[in-house]
Amino acid sequence: MIKKKLTIEDFEPISARDLAYKIRAVDFGFKNPKSEEARTNRRPNLAFFLGAGASKDSGIILAGEMMKIFKNEIFEINCPELETDEEKSNWLKEKGWYKDGKKEYGCLFEKFRDTRNDRQRFIEKICHTNPLTGKSVEPSFGYLILADLLLRNYINTVVTPNFDDLVYIASTTFTGNRPIVYAYGILASEMKINDSHSRVLKLHGDYLYSNIVNTDDEMDAKSDAINTPGKDAREIISHLNMERQVRTVLDNFGLIVVGYAGGDKTIMQMLEQVSEHNGLYWCYIKDYPPDVDVLKLVKSKNGKLVKIAGFDDMMKEIADVTNFSIDDLLTSFEKRKETLVERITKFNEDYTKKSLGEYAEELTEKQKDKPSENLSAVDYFVLGDRAYKDGNYVLAEENYRKAIELNSTHSGVYVNLGNILAGDKKFRKEAEETYLRAIELDPLNDVAYNNLGVFYMYELKRLEAAEENFREAIELAPTKSMYHLNLGALLYAQKQINEAIDSIKKSIELDERNSSALITLAAINKKLGNTNELKKYIEKIRLIIENDDYYSLARLNSILNDKETALKNLKQAVDKNSLLRVSARESYALEWIRDDERFWEIVGRDE
């Protein structure tokens, strides 16, 4: 007799609301579930298992989207001549390294980035910024609810193969609760299952560590590390400790699985260890039923299928049943705010009494009256920014250097100091070192990469280095209009005209009021003789340009061949901000007045 294949029709799915009441069951016996007594004495009987789908609404790309990125780069490098999807698919199938099906993700990732460190850096970037939208990754509403459940001890354990830090970020941001994150197996040996403190077990590691698990070999190592000759003992212990702690969780808690489709063989083997007495609740999107392997697992554990509309919608149902309250959350914010203010006041009362601007004014007066008075690194940073804003670059430099002397770990101070040094030939070497130090302190400082690119392009004429830094800045912050403009200007200097225009148009697309981008594109079209395009951009510039934006006015006047007005406006611009002299010497839009000696009297030669 042929055994019937399991289908979703063999199950009677429960709702998210039903699941919420199972979570709330730990309230039995408490007269007031909102009391501190209830929070302290709850004993959770369920844990969450979060797959990648739970992070989708927060901006984390899914495995399928990642594989598209992998494939696009692999095809671009290895077979750019192939045009159709069928040709590319056939090319893949002919490769010995390629594995179809559930092993496809691992083999593609290994081909895309062939070292563990490179894979770790890629994961780190997508955990901060969605590469498809350019938007920052932020915890969605569902994570806010999960953070609240952890705070109130309805749940105290989250297990996840995800690399992101959304559970921890949501908890610390919205509730002040700080879960213990076990991302490295050796640390997991310290976990105590009876401890009520919130905890997150990250099965595949954390992007902050280099031992994240992505490829097939790395995933298999979790299961057979002890039998693999030559493996680092620390790594073996790490895998075994994590496995041991996960088994302990599965022995003591029922499991709510959400956002996971069951595609990882090693994780499915792990989930087989769930005790059928504790409960297995597998959540699935209503139009995307689980595959047969998942159905078999749920059936074998006497589990339940939970039909949901999505992670955030499911958590909203749970919030309603478990008495989640925005008012309570805001009250918690206020209490933490009061505590923070009280602590800061003990350090320095001035910070709590004045806004930053008012504080800067007071510090400026204090520095005039008592130059030798002791100030903190933060004080000097504030003073430096104030002097920089006022155009007093000598005083700004002095204050930035004092800030660095007192505390040399603030990346932003080095960026601002580099901006001041960059325009002076005598300090160019130090300017470069200052920008590089800013990046060393904060490798994700997109402003530092962009400003270093500008420095390489205009001051040192190192165009390849400039392009590398502009592209790094764009990768870190793809929605910043000015970065695309700078890259476009560089590509134009390299005679890559079409690519330059595309990049500058992208800058305008991101910020329609970016007058510099519009002016640069107008200048390029004038050089190319594109009269109609030139008129179009001139009209747009006139609509947005401000009367006191003398530098933009000077460039526009130059494009319109109004030399006298251009020189007059340029003089006012440089008098207002002397650092503009550097960019004026190189501006494409000022080409039509650069042959006038008065131009060089205003901006100075390259000194």
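From a predicted model like this one, the values you see are computed outputs, not experimental measurements.

1. Here we look at the overall build of the chain
Along the backbone of the chain there are 31 helices and eight strands. Among the 607 residues that make up the chain, the fraction classed as buried is 48%. Within the chain, contacts between residues separated by at least 24 positions form 62% of all contacts whose residues are at least 6 apart in sequence. Split by element, the accessible area of the chain, about 31,300 Å² in all, is 49% carbon and sulfur.

2. A short note on the pattern of salt bridges
For side chains of opposite charge, pairing can occur when their charged atoms come near one another. Within the structure shown, the criterion is met by 30 salt bridges. Here Arg386 and Asp390 are joined by a salt bridge, their closest N and O atoms 3.3 Å apart. Accessibility expressed as a relative area gives 26% for Arg386, which makes it partly exposed. Accessibility expressed as a relative area gives 53% for Asp390, which makes it exposed. Here Arg437 makes a salt bridge to Glu440, at a shortest N to O gap of 3.3 Å. Taken together, the residues span about one helical turn, with Arg437 and Glu440 both in helix H21 (residues 428-441) at a distance of three residues. Of the residues examined, Glu440 reaches a relative accessible area of 56% and is grouped as exposed.

3. Considering the confidence of the model for the chain
Per-chain confidence: the chain averages 82 in pLDDT, with 83% of residues scoring 70 or above. Element-level mean pLDDT values for the chain span from 41 in helix H16 (residues 349-353) up to 95 in strand E2 (residues 46-50). Low confidence marks residues 206-212, where pLDDT is under 50. Its contacts with residues over four positions away, or in another chain, come to 33 contacts. Between residues 341-356, whose pLDDT stays under 50, and residues either more than four places distant or in other chains, the model counts 14 contacts.

4. Comments concerning the sheet that holds strand E7 (residues 280-285)
With parallel pairing, eight strands are arranged side by side in an open sheet as E1-E8-E7-E6-E2-E3-E5-E4. A single partner strand is all that each edge strand has here, and the edge strands are strand E1 (14-15) and strand E4 (180-182). Bridge analysis of E7 against strand E8 (residues 304-308) gives five bridges, and the strand direction is parallel. Bridging across to E8, Tyr281 finds its partner in Lys304.

5. Points about the layout of surface pockets
Any space left empty among the atoms is revealed by the rolling of a water-sized probe across them. Size it by volume and the second largest pocket reaches roughly 990 Å³. Around the second largest pocket, the lining comprises 32 residues; the ones closest to its centre are Val454, Tyr458, Asn486, Leu580 and Ser583. Sorting the residues of the lining of the second largest pocket by element identifies helix H20 (411-422), helix H22 (446-460), helix H24 (481-493), helix H26 (515-528), helix H28 (550-559) and helix H30 (580-586) as the ones contributing at least two each. Across the lining of the second largest pocket, the residue classes tally to 19 nonpolar, 10 polar and three charged.

6. Some words on the packing of aromatic side chains
On inspection of all chains with the given rule, the structure shows 17 aromatic pairs. Considering the side-chain rings of Phe112 and Phe122, the 5.1 Å spacing of their centres and the 75° angle between planes classify their relative orientation as edge-to-face. Highlighted residues: Phe112 in helix H5 (residues 104-112) and Phe122 in helix H6 (residues 116-126), separated in sequence by 10 residues. This pair shows no difference in class: Phe112 is buried, exactly as Phe122 is. Residue placement shows Arg42 over the ring face of Tyr154; its charged tip is 3.9 Å from the ring centre.

7. Some details on the pairing of E8
Taken together, the two bridges between E1 and E8 define a ladder with parallel strand orientation. Bridge pairing in E8 links Ile14 to Val306. Taking the sense of rotation as the criterion, the β-α-β connection linking E7, helix H13 (residues 292-300) and E8 turns out right-handed.

8. Thoughts on the side chain of Asp27
In this fold, Asp27 is placed in the loop between helix H1 (16-24) and helix H2 (36-41). For Asp27, a relative accessible area of 8% gives the class buried. Here Arg42 takes part through its side chain, which lies 2.7 Å from a polar atom of the side chain of Asp27. Those residues in contact with Asp27 that lie beyond four places of it in its chain are Pro33, Arg42 and Tyr154.

9. A few points about H6
Among the residues making up H6, those that are buried are Arg119, Gln120, Phe122, Ile123 and Ile126. Along H6, the residues classed as buried sweep out an arc of 160° about the axis, all on the same side.

10. Here's the deal with the environment of Lys425
In this fold, Lys425 is placed in the loop between H20 and H21. Between the C-alpha atom of Lys425 and that of Leu460, which follows or precedes it by 35 residues, the distance is 9.7 Å.

11. Side note on empty space enclosed by the protein
For the structure shown, the criterion picks out one cavity of 30 Å³ or more. Estimates place the volume of the largest cavity at around 60 Å³. What lines the largest cavity is simply Leu50, Tyr143, Thr160, Asn162, Asp164, Asp165, Leu166, Val167, Tyr168, Val181, Val200 and Lys202. Breaking the lining of the largest cavity down by element, the ones donating at least two residues are helix H8 (166-175) and strand E5 (199-202).

12. A closer look at the packing of H22 against H24
Two quantities define a packed helix pair, namely the angle between the axes and the distance from one axis to the other. For the pair H22 and H24, the least separation of the axes is 11 Å and the interaxial angle reads 25°. On the basis of the axis angle, H22 is roughly parallel to H24. Relative to H24, the crossing made by H22 is left-handed. On H24, the residues that touch Asp446, Val447, Asn450, Val454, Met457 and Tyr458 of H22 are Tyr483, Asn486, Ala489, Leu490 and Ala493.

13. Description of unusual backbone geometry
Look at Asn323: it is not a glycine, yet its phi comes out positive at around 65°. For Asn323, the location among the structural elements is in the loop between helix H14 (311-321) and helix H15 (326-347). Assessed through its relative accessible area of 29%, Asn323 is described here as partly exposed. If you check the backbone angles, Asn561 has positive phi at about 65° while not being a glycine. Considering the arrangement of structural elements, one finds Asn561 in the loop between H28 and helix H29 (563-576).

What counts and how
- Residues numbered from 1 in each chain as written.
- Predicted model: local features only at pLDDT ≥ 70, side-chain atom pairs only at ≥ 80, totals over all residues.
- Heavy atoms only, no water.
- Helix = DSSP H or I, 4+ residues; strand = E, 2+ residues; numbered from the N terminus.
- Buried < 20%, exposed > 50% of the residue type's maximum accessible area, 1.4 Å probe, protein only.
- Contact = heavy atoms within 4.5 Å.
- Areas by Shrake-Rupley, 256 points an atom, 1.4 Å probe, with all protein chains shown as cover.
- Salt bridge = Lys/Arg side-chain N within 4 Å of Asp/Glu carboxyl O.
- pLDDT = per-residue confidence, 0-100.
- Pairing = 2+ DSSP bridges.
- 1 Å grid on protein atoms, 1.4 Å probe; cavity = no way out; pocket = protein on both sides within 12 Å on 5 of 7 lines; lining within 4 Å.
- Points joined across faces, edges and corners; volume = space filled by probe spheres on them.
- Nonpolar A, V, L, I, M, F, W, Y, C, P; charged D, E, K, R; others polar.
- Phe/Tyr/Trp six-rings, centres within 6.5 Å; stacked < 30°, edge-to-face > 60°.
- Lys NZ or Arg CZ within 6 Å of the ring centre and 35° of its normal.
- Right-handed = clockwise from strand over helix to strand, strands pointing away.
- Polar contact = N/O pair within 3.5 Å; in protein donor to acceptor, adjacent residues only side chain to side chain.
- Arc of directions from axis to C-beta.
- Axes fitted to C-alpha atoms, helices over the stretch in contact; angles between N-to-C directions.
- Parallel < 35°, antiparallel > 145°, perpendicular 65-115°, else oblique.
- Left-handed = near helix turned anticlockwise from the far one by under 90°.

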